[in-house]
Amino acid sequence: MSKLFQNYKRAAIEFVKAEGSYLFDADGKKYLDFSSGIGVTNLGFHPQVKAALQAQADRIWHTPNLYQNSLQEEVAEKLIGDRDYLAFFCNSGAEANEAAIKIARKATGKQEIITFKDSFHGRTFGSMSATGQDKIKEGFGDGVPHFLYADYNDLSSVKSLASERTAAVMLELVQGESGIHPAEADFVTGLAAFCQDKNILLIVDEVQTGMGRTGKLYSFEHYGIEPDIFTLAKGLANGVPVGAMLGKTKLSAAFGYGSHGSTFGGNKLAMAAASAGLTILKEDGFLETALAKGNYLQDQLKTMLADNPKVTQVRGLGCMIGIETSADLGQLVASARAKGLIVLTAGSNVIRLLPPLTLTKDELDQGLAILQEVFA
Ligand SMILES: *Cc1c(COP(=O)(O)O)cnc(C)c1O
């Protein structure tokens, strides 16, 4: 009998080794990974990330945030580039969103935050309360107050909830966990303009969409906007636990000495992995190629599944793709796995693909061939 809480539904296999886009189970069976963990190992199991981790482990793997940390500075510079942000590092997506909620409240002196129905922002009390899905909150009692839930892709719904009390609006630009729902361009630009006009902070949760997942470093680049605050985690250190909250420099007073912190946040191993990963993401043409791969995958799936009566829609952005289907998700996932392909689900009726951005054309076509058989 397992000594673990049974809060996860685990498949009956264990991955014990990985290389590039492939995972190996204890019997030596090889699987092509179209999940990247859950959008975490965005560069696959990359030799440069591994080398950076090994080299950092040889030097020092932890110092507290009471001392200088040049690796944090280095990662912040790579994340920010020419933009006008400051970074705070923590250990997970939920924590990054906690930091975003806290800085937004403190900087504005207001408490209300508008989020969206079917959103997902994490499992801590703050981020769970921000989440617009009742099933995530069931049985846990009162959440953090002052969250309001608007309809996604509906600016009038945001306007009807906004008031003098609104500190911020917070959203994913592609809702991930609830089924790969991309935001519409008009909605996002309208929302950004509305927030600016009303002095409401705009927070973009890039925990799943960030780090090249959508074919840009950050998904907000697709929409031509710049949020006041955005959060990162999943793909940031390619599998080492980490999170980050980036906020415009104008918010710095709200996070002064002693205001917020994290024991492990910005740990040296996480920062070494993140820095190595960012070097790869920033190579000339890398993100453009990742976007082209995502577009190819989505186009091929659309063609391949066009006449499939059990597939209602293929949608997504970059390498974040959902296949909406009336077929049994558990069976589809198991069937893909039996054929050597790892895929995810999202919401109640979507097969979610989050392949490594480093996939080769051959690997893409292998995965497509397996998906064709699985959906046949
Ligand atoms: C996964 C996810 C989170 C939560 O991240 P954790 O690291 O599990 O806390 C928050 N927001 C979004 C959009 C996510 O996809």
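Just so we're clear, the structure is a prediction, and the values are computed from it rather than from any experiment.

With that settled, consider the sheet that holds strand 6 (residues 147-150). Overall, mixed pairing links the 7 strands, which are arranged 4-12-11-10-7-5-6 in an open sheet. The open sheet has two edge strands, strand 4 (85-90) and strand 6, and neither has a second partner. Pairs of neighbouring strands in the sheet enclose a mean axial angle of 20°, with direction left out of account. As defined by bridge partners, strand 7 (residues 166-171) adjoins strand 10 (residues 201-205) across 4 bridges and the pair is classed as parallel. Bridging from a neighbouring strand, alanine 168 pairs with leucine 201 of strand 10. Across the sheet, helix 4 (residues 93-108) lies against strand 4, strand 5 (112-116), strand 6, strand 7, strand 10, strand 11 (229-232) and strand 12 (243-248), angled at about 165° from strand 11, the strand it touches most.

For the coordinates displayed, the defined rule picks out 11 salt bridges. The residue arginine 165 makes a salt bridge to glutamate 112 at a minimum N-O spacing of 3.0 Å. Residue arginine 165 is located in the loop between helix 6 (155-161) and strand 7, and its partner glutamate 112 is located in strand 5; the two are separated by 53 residues in the primary sequence. In this structure, glutamate 177 engages lysine 234 in a salt bridge whose closest nitrogen and oxygen atoms are separated by 4.0 Å. Of this pair, glutamate 177 sits in the loop between strand 8 (174-175) and strand 9 (181-182) while lysine 234 sits in the loop between strand 11 and strand 12, and the two are 57 residues apart along the sequence. Glutamate 177 sits in the partly exposed class, given a relative accessible area of 22%.

Looking now at the site of the ligand. Looking at the ligand, there are 13 residues lining it, with Gly93, Ala94, Asp205, Gln208 and Lys234 nearest. Aspartate 205 is positioned such that a nitrogen or oxygen atom in its side chain is 2.8 Å from a nitrogen atom of the ligand. A distance of 2.6 Å separates an oxygen atom of the ligand from a polar atom in the side chain of lysine 234. Contact with the protein chains removes 81% of the 380 Å² of surface that the ligand exposes when unbound. When residues in the shell around the ligand are grouped by element, the largest group, 3 residues, is from helix 4.

On to the nonpolar core, then. By size, the foremost hydrophobic cluster in this structure holds 63 residues, and its most contacted members are Leu79, Val158 and Leu191. Per-element accounting of this core gives the leading share, 7 residues, to helix 8 (residues 268-281). Setting aside its immediate chain neighbours within four residues, leucine 79 contacts Phe89, Met211, Leu217, Tyr218, Leu232, Leu236, Leu246 and Leu278.

Although it is not a glycine, isoleucine 180 sits at a positive phi angle of roughly 60°. Of note, asparagine 238 is a non-glycine position whose phi angle comes to about 50°, a positive value. Residue placement: asparagine 238 occurs in the loop between strand 11 and strand 12.

The subject of this paragraph is the layout of surface pockets. In this structure, the second largest pocket encloses a volume near 970 Å³. Residue assignment for the lining of the second largest pocket shows that the elements contributing at least two residues are helix 3 (70-80), strand 4 and strand 12. In terms of residue count, the dominant contributor to the lining of the second largest pocket is strand 4 (4 residues). Its residues assigned to classes, the lining of the second largest pocket comprises 13 nonpolar, 14 polar and 2 charged.

Turning our attention to the sheet that holds strand 15 (residues 341-342). The strand order across the open sheet formed by 4 strands is 1-2-3-15, and the pairing between neighbours is mixed. Edge positions in the sheet fall to strand 1 (15-19) and strand 15, since each has one partner strand and no second. In this structure, strand 1 lies alongside strand 2 (residues 22-25), joined through 4 bridges in antiparallel fashion. Of the residues in strand 2, the one forming a bridge with phenylalanine 15 is aspartate 25.

On to helix 10 (residues 329-338). For helix 10, the full list of buried residues reads Leu329, Leu332, Val333 and Ala336. Here the buried residues of helix 10 occupy an arc of 95° about the axis, which is enough to place them on one side. Facing away from the buried side of helix 10 by over 90 degrees, the exposed positions are Gln331 and Ala338. Its buried side turned inward, helix 10 meets strand 14 (320-325), strand 15, strand 16 (344-346), strand 17 (350-353) and helix 11 (361-375).

Of all 6 residues that make up strand 12, 6 are buried, and the element is covered over most of its length. Burial along strand 12 is two-sided: Gly243, Met245 and Gly247 and Ala244, Leu246 and Lys248, pointing in opposite directions, are all buried. Examined bridge by bridge, strand 4 and strand 12 share 6 bridges and lie antiparallel to one another. Its bridge partner being in strand 12, tyrosine 85 is matched across the sheet by lysine 248.

Mapped onto the elements, proline 356 comes out in the loop between strand 17 and helix 11. Expressed as a C-alpha distance, the spacing of proline 356 and lysine 248, which sit 108 residues apart in the sequence, is 30 Å. Once residues lying within four places of it in the same chain are set aside, the contact partners of proline 356 are Ser21, Asp33, Ser36, Thr41, Asn42, Leu43 and Gly44.

The next subject is the packing of aromatic side chains. The geometry of an aromatic ring pair is captured by two quantities: the separation of the ring centres and the angle between the planes. As enumerated under the stated definition, the model contains 9 aromatic pairs in all. Pairwise contacts between aromatic rings join Tyr85, Tyr218, Phe220 and Phe230 into one cluster. When the ring centre of phenylalanine 24 is taken as reference, the NZ or CZ atom of lysine 17 above it lies at 4.8 Å.

Here is what the cut-offs are and how they apply
Residues numbered from 1 in each chain as written. Predicted model: local features only at pLDDT ≥ 70, side-chain atom pairs only at ≥ 80, totals over all residues. Heavy atoms only, no water. Pairing = 2+ DSSP bridges. Helix = DSSP H or I, 4+ residues; strand = E, 2+ residues; numbered from the N terminus. Axes fitted to C-alpha atoms, helices over the stretch in contact; angles between N-to-C directions. Contact = heavy atoms within 4.5 Å. Salt bridge = Lys/Arg side-chain N within 4 Å of Asp/Glu carboxyl O. Buried < 20%, exposed > 50% of the residue type's maximum accessible area, 1.4 Å probe, protein only. Near = heavy atom within 4 Å. Polar contact = N/O pair within 3.5 Å; in protein donor to acceptor, adjacent residues only side chain to side chain. Areas by Shrake-Rupley, 256 points an atom, 1.4 Å probe, with all protein chains shown as cover. Core = buried A, V, L, I, M, F, W, Y, C linked by side-chain atoms within 4.5 Å. 1 Å grid on protein atoms, 1.4 Å probe; cavity = no way out; pocket = protein on both sides within 12 Å on 5 of 7 lines; lining within 4 Å. Points joined across faces, edges and corners; volume = space filled by probe spheres on them. Nonpolar A, V, L, I, M, F, W, Y, C, P; charged D, E, K, R; others polar. Arc of directions from axis to C-beta. Phe/Tyr/Trp six-rings, centres within 6.5 Å; stacked < 30°, edge-to-face > 60°. Lys NZ or Arg CZ within 6 Å of the ring centre and 35° of its normal.

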